[in-house]
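Remarks on the overall topology
Listed below are the residues making up each chain.
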Amino acid sequence: MSAKYVGHDVPHDSARGHVSGESIYIDDIPPMHRELIVDFVWSPYAHAKIKSIALPEHVDGVVALYTHRDLVHNELGPIIADEPLLASDVCTFIGQPIVVIAAETREAINAAKRAIRIEYEELTPILTIEDAIAARSFIGETRFIRRGDADAALASAEHVLEGVFDNGGQDHFYLESQAALVVPGEHGALTVHSSTQHPTEVQEVIAHLLGLDMSQVVVNTKRMGGAFGGKEAQATHPATMAALVALRTKRPARIVYDKDSDMHVTGKRHPFRNRYKVGFTSAGEIVAMKVEFYSDGGAYADLSPAVMARAMTHAENAYFIPNAEILGTVCRTNLPPNTAFRGFGGPQGVATMENIIEEIAATLNRDALEIRRINCYGIDTRNTTPYLEVVENNTLPRLFTELEQRCDYRARMDAVHAFNDSSRTQIKGLSMSAVKFGISFNTKFLNQANALVNIYLDGSVQVSTGATEMGQGVNTKIRQIVADELRVPLARVQVMQTSTEKNNNTSATAASSGADLNGFAARDACMRLRQRLDDVQTRYPDFDWPKLVKAAYMERVPLGERGFYATPRIDWDWTSGQGHPFLYFTMGTACSEVLIDRFTGELKVLRSDVLMDIGKPLNPGIDRGQLVGGFIQGLGWVTTEDLRYTDKGVLLSHSPTTYKIPNVNDLPEHFSVDWIDVENPVNIKGSKAVGEPPLLMAISVWCAVKHALRFVSNGEVPKLRLPATNEEILMRLTEYTKRGVVAV
Ligand code: LUZ
Ligand code: MOS
C-alpha cells in the first residue's frame, strides 16, 4: 500500500503562521495579569572570587532579588551536575548568573542592576585550550578508541605526516533567544512555557533546584524560533530563574534574553585543537592514524563529554583506518560552558579527517578525490570502524561516483589548474568531501520515545510526542505518519504542543533523531488503534471514518493509545571504546569550487553540489530545506563565523555587526542539493535522519580553500585554520609571499 502523505511534499504545519506572523513564540504569549519581568546580574569576570553581594533594601518597581541562598539545590548539568545555576563564592565565566531580578518594568530591572553591589577579587582565567593543557585543567578523563597497533604501523609507514588542526567555535544564532514564561498554580505547582529542545530536562532541573516533585512542574513547548543544540541543555537556566520568581512571588514571570546578552552568556560549538599523525603508502592508502582531540569545554561539563564522544566516533569519517588511536580530552576553561550544536562534535571530527586527506594529497601531489576513493569504506570488506561497528548499507562509493559525474569533476579540475596557471590575481580551488554521520544518541538510554494519540468523537485526532518543533518540521512529519497509519485525511490530525503532562521522561529533540524516535512511537500507538478500529469495521463494513469512530465509542472500544519506541541493536562501552553506538549512518558527498582574491584574501564560493543518502524522505520538501539550511549554516562555520574575545575573555563578536553569519550574497553562485533513491531498511518508512548531517557537507568549501592554497605554496603542504575567513586566507597568502615562496 503506497502512503498517501509520507514521502510527499506536505507543507510545513507552521509555514503560513511563520509568514503571516501568527506563529506564537514565548515573547508573543500575551502578557498575563501581574506578570513580572525576570533578568539577572551576571559575572563580568571570567574568573573571580565573590567577596560580597549587597542587595539594595528597596528599588522602585523591583519586586524581588534572589541569590543562590534562595535555591533548595544549586547544581545542574545534563551529564554531571557540576554547574551552579547562581554563583556563590566564585564565578567562573563571564555571563554566569549571580542575582535574579524580578521587576514590574524594564527600567526597574536596570535600576536594580545599578543598585546591586558585588565585590569581586579577580583571579587568573584560563581562556584557551593551550593554557588549559598547560595547567592540566580538564573535565573528566581522557578517553580512547583503539584498533590495531598505530605506533607500529606508523613506524613502518612509507610516509608520515603530522600536524595540529584548529577549528573554531560557533554561535547558534537562533532568531528566538533563550526564553521562558512561568505561571504559578496551586500548592507550588508551576506551568512553564519554555523555548527548549528538552522539556523533561527543564522540568527536572526546576523541580530539583526549587525542591518540588517533577509531577508539580509541567513544561510546555509550542515551538522554538531555532535552537540548533543551543536549547538542548541551556534552556534550563532562564526557565529555572523564572520558575524561582514565579514560585516565590506567586506571580507569572517571564524571561527573554536580548540577542547580545544571549551571545555573551550562552555556550557555543566547541572549538577543538587536534594533533594528528597519519601514516600512508605512496599509493595514498592510509595505514595508521593517531589523533588527540582537545575540546574547549568551557567552565562546566554540560554536554562536553558526549560531544567529545561523537567527535571521536567521527574521527575517521568515511575512511577505513586499519590501525587507529583516537584520544579525546575535554579542557576546562573560563568561558561559558560549550554545548550541543548541530553536528555535536561530528563536524570537528570530520573536518580533522578531511584536512588530513587534503594534506596527504598535497604531500603526494595527487588529486584529493583519488585519496578519498582509495580509503573510502568498502561495501563488504574494509568496512569496520575503529570502534568496531560495521558500516552497513554503505552508499559512500556510489555517492562519490555519482557526484563526480554529475558535477563534472574531472573537467572542472582541469579548468581549475588551467585558471591557476594563467591568473596572477586570483586562485581557484576544488574539492569533494564526504560525510558518514552516525544516527542515535551516543548515550544509550536517550534512544527512547513515547507518544499519545487520542481520537475524538467526531473522528479528529490529536497526537502528542516528546518531539519539539524548532522549525525543522518534525510536527509535519509526525502528522504525515499518523494520518497514513490511521488512514485519515491529514486535515483531521493535529500535532499538539509538546508537554511533559502528555509525554513523560522524554529525551531532547536532538541527535537528528526527533522524527525517527517519535515517529516510531506515534506509529506504535496508531497501529494498535487501527487494529481495534479494523475489528469494529468488520461489523460495519460500510461505515466511513467518522461513523466508525462513533460506532467504536458506542461499543466502548478505547480510542486513545500510548506508543513507545526504543532503538534496537545499539550499545556502547567506554571502557573498551567499542560497540555499536549507531543504528545507521546518514551519508553524503559535496563538491565545492572557490575563487580567492590573492591581494585581499576575499573568498567566493562559485559552486557547491551536494549529493546525499537520506533514505526515502518522509517529506522531500522539508528535507530539501534541511539540506540547504544545514549546508549554509556549515558554510558560516567554515568561512565567516569567528568568535573573538579580549584577553580577559570578553566576547567581542556578540552581535550581527561583528559576528558574520552567511547571508544570501555568500551562497554559492551555483548551488544544487539532491539525494539518491535508496531505502533505509532500519528506520521509519525507509527514511534517514537529516537534521545535522548536511551541515558537515560545507566542509567541502573549506577543503577547496585548502586546495587552492596548494597552487601558491610551492610544494609545501598548506596550513589553514577553520574558519577560513578572508583574514585567515590573506595571512596564509602573505606568509607565502613574505617567505618568497610565491611572487605576487
Ligand atoms: N545529544 C546527545 C546529541 O546527548 N547525544 C548525542 O549523541 C547527540 N548527537 C547529536 C546531537 N545531540
Ligand atoms: Mo542537537 S546538536 O541539539 O541535535
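Here the structure is a predicted model, which means the values were calculated and not measured.

Right, let's talk about the overall build of the chain for a bit. Along its length, the chain carries 19 helices and 26 strands. For the chain, whose C-alpha radius of gyration is 27 Å, the value lies close to the compact-globule estimate of 27 Å for 744 residues. Expressed as lengths along the three principal axes of its C-alpha atoms, the size of the chain is roughly 75 × 75 × 50 Å. Residue pairs in contact within the chain that sit at least 24 positions apart in sequence constitute 81% of those at least 6 positions apart. Only carbon and sulfur atoms are counted for the fraction: they give 51% of the accessible area of the chain, which is about 27700 Å².

With that settled, the discussion passes to the side chain of Thr-468. For Thr-468, the position within the fold is in the loop between β18 (461-465) and α13 (474-486). Once residues lying within four places of it in the same chain are set aside, the contact partners of Thr-468 are Thr-196, Gln-197, Pro-199, Thr-221, Met-224, Val-474, Thr-498 and Thr-509.

Turning to the nonpolar core, a few remarks are in order. Ranked by internal contacts, the top residues of the largest apolar core, which has 144 residues, are Val-482, Leu-486 and Ile-596. No other element matches the 10 residues that helix α14 (residues 514-537) contributes to this core. Not counting residues up to four positions away in its chain, the partners in contact with Leu-486 are Val-453, Val-461, Cys-526, Leu-529, Arg-530 and Trp-545. Judged by nonpolar contacts, the second largest core, of 36 residues, contains Leu-71, Ala-102, Ala-207 and Ala-235.

Taken as a whole and assessed by the stated rule, the structure comprises 49 salt bridges. Bridged by salt links that share partners, the residues Arg-412, Lys-428, Glu-593, Arg-607 and Asp-609 form one connected network.

Here the focus is a nonpolar patch on the surface. Together, Leu-457, Tyr-553 and Met-554 make up an exposed nonpolar region whose accessible area comes to about 340 Å². One can find Tyr-553 in helix α15 (residues 545-554). Here Tyr-553 falls in the partly exposed class, since its relative accessible area comes to 44%.

In this section: helix α18 (residues 699-710). Across its 12 residues, α18 extends 17 Å between first and last C-alpha, which sits within 8% of the 16 Å expected from 1.5 Å per residue. Ile-699, Ser-700, Val-701, Trp-702, Cys-703, Ala-704, Val-705, Lys-706, His-707, Ala-708, Leu-709 and Arg-710 are the residues of α18 that are buried.

The strand order β3-β5-β1-β12-β9-β10-β11-β20 describes an open sheet built from 8 strands, whose pairing is mixed. Among the strands making up the open sheet, the edge pair consists of β3 (62-66) and β20 (498-499). Judged from the 4 bridges that link them, strand β9 (residues 179-184) and strand β12 (residues 253-256) form a sheet pairing that is antiparallel. Across the sheet, the residue bridging to Ala-180 is Ile-255, located in β12. Sitting on the sheet, helix α2 (residues 106-115) touches β1 (36-42), β3 and β5 (97-103), and the angle it makes with β1 is about 25°. Together, β10 (190-194), β11 (217-221) and β20 form the strand contacts of helix α5 (residues 199-210), whose direction differs from that of β11 by roughly 150°.

This part covers the environment of Ile-622. Among the structural elements, Ile-622 can be located in helix α16 (residues 620-640). Owing to a relative accessible area of 10%, Ile-622 belongs among the buried residues under this scheme. Those residues within four positions of Ile-622 in sequence are excluded, and the remaining contacts are Val-10, His-12, Gln-472, Gly-473, Thr-476 and Lys-477.

Okay, helix α12 (residues 409-422) next. Relative to the 20 Å expected for 14 residues at 1.5 Å per residue, α12 spans 20 Å between its end C-alpha atoms, a close match to the ideal helical length. Burial in α12 covers these residues: Tyr-409, Arg-412, Met-413, Val-416 and Asn-420. Burial along α12 is one-sided: seen end-on, the buried residues are contained in an arc of 105°. With respect to the buried face of α12, the exposed residues turned more than 90 degrees away are Asp-414, Asp-421 and Ser-422.

Two numbers describe how helix α9 (residues 346-364) lies on helix α10 (residues 368-375): the axes approach to 8 Å, and their chain directions differ by 120°. The handedness of the crossing between α9 and α10 is right-handed. On the side of α9, the interface is formed by Glu-354, Ile-357, Glu-358, Ile-360, Ala-361 and Leu-364, while α10 contributes Ala-368, Ile-371 and Arg-372.

Turning next to the packing of α14 against α15. Where α14 contacts α15, the two axes come as close as 10 Å, and the packing angle between them is 95°. Between α14 and α15, the angle is such that the two are roughly perpendicular. Of the residues in α15, those in contact with Arg-530, Leu-533, Val-536 and Gln-537 of α14 are Trp-545, Leu-548, Val-549, Ala-551 and Ala-552. Across the contact of α14 with α15, the residue classes tally to 7 nonpolar, 1 polar and 1 charged.

Turning next to the sheet that holds strand β17 (residues 448-455). Ordered in space as β19-β18-β17-β21, the 4 strands form an open sheet in which the pairing is mixed. Edge positions in the sheet fall to β19 (493-495) and β21 (560-566), since each has one partner strand and no second. Strand after strand, the sheet turns through a mean of 20° between neighbouring axes, direction not considered. As judged from the 7 bridges shared by β17 and β21, these two strands associate in the antiparallel manner. Counterpart to Leu-452 in the pairing with β21 is Arg-562. Against the sheet, α14 contacts β17, β18 and β21, and its axis sits at roughly 140° relative to β21.

Looking now at the environment of Ala-508. Looking at the secondary structure, you find Ala-508 in the loop between β20 and α14. With 14 residues separating them in the primary sequence, Ala-508 and Gln-494 have C-alpha atoms 21 Å apart. Setting aside residues up to four positions removed in sequence, Ala-508 forms contacts with Gln-197, His-198, Glu-232 and Phe-441.

Neighbouring ligand 1 are the residues Glu-232, Arg-310, Phe-344, Phe-441, Asn-442, Leu-446, Ala-510, Ala-511 and Glu-692. For ligand 1, a nitrogen atom lies 2.8 Å from a polar atom in the side chain of Glu-232. One of the backbone N or O atoms of Asn-442 is found 2.9 Å from an oxygen atom in ligand 1. The protein chains hide 97% of the 290 Å² of surface that ligand 1 would expose on its own.

Along the polypeptide, Ser-592 turns up in strand β24 (residues 584-597). Non-local contacts of Ser-592, meaning those with residues more than four positions away in its chain, are made with Gly-429, Leu-430, Ser-431, Arg-607, Ser-608, Phe-631, Ser-700, Val-701 and Ala-704.

What follows deals with unusual backbone geometry. In this structure, Pro-723 follows Leu-722 across a cis peptide bond, with omega equal to 10°. Assignment of secondary structure puts Pro-723 in the loop between α18 and α19 (726-738).

As a further point, take the pairing of strand β2 (residues 48-54). Note: β2 against strand β4 (residues 90-91), 2 bridges, orientation antiparallel. Its bridge partner being in β4, Lys-49 is matched across the sheet by Val-90. Of the strand pairs in this sheet, β2 and strand β6 (residues 117-122) are connected by 6 bridges, and their pairing is antiparallel. Of the residues in β6, the one forming a bridge with Ile-50 is Tyr-120.

It is worth spelling out the pairing of β1 at this point. The buried count for β1 comes to 5 of 7 residues, which makes it a mostly enclosed element. Sheet topology places β1 next to β12; 2 bridges connect them, and they run parallel. In the sheet register, Leu-36 faces β12, and the bridge partner there is Ala-253. Where β1 meets β5, 6 bridges bridge the pair, whose relative direction is antiparallel. Bridging across to β5, Phe-40 finds its partner in Val-100.

Conventions adopted
- Residues numbered from 1 in each chain as written.
- Chains lettered and ligands numbered in written order.
- Predicted model: local features only at pLDDT ≥ 70, side-chain atom pairs only at ≥ 80, totals over all residues.
- Heavy atoms only, no water.
- Helix = DSSP H or I, 4+ residues; strand = E, 2+ residues; numbered from the N terminus.
- Rg over C-alpha atoms; globule rule 2.2 N^0.38 Å.
- Contact = heavy atoms within 4.5 Å.
- Areas by Shrake-Rupley, 256 points an atom, 1.4 Å probe, with all protein chains shown as cover.
- Core = buried A, V, L, I, M, F, W, Y, C linked by side-chain atoms within 4.5 Å.
- Buried < 20%, exposed > 50% of the residue type's maximum accessible area, 1.4 Å probe, protein only.
- Salt bridge = Lys/Arg side-chain N within 4 Å of Asp/Glu carboxyl O.
- Patch = residues over 30% accessible without salt bridge, like charges linked within 9 Å, V, L, I, M, F, W, Y side chains within 5 Å.
- Expected span 1.5 Å × (residues − 1).
- Pairing = 2+ DSSP bridges.
- Axes fitted to C-alpha atoms, helices over the stretch in contact; angles between N-to-C directions.
- Arc of directions from axis to C-beta.
- Left-handed = near helix turned anticlockwise from the far one by under 90°.
- Parallel < 35°, antiparallel > 145°, perpendicular 65-115°, else oblique.
- Nonpolar A, V, L, I, M, F, W, Y, C, P; charged D, E, K, R; others polar.
- Near = heavy atom within 4 Å.
- Polar contact = N/O pair within 3.5 Å; in protein donor to acceptor, adjacent residues only side chain to side chain.

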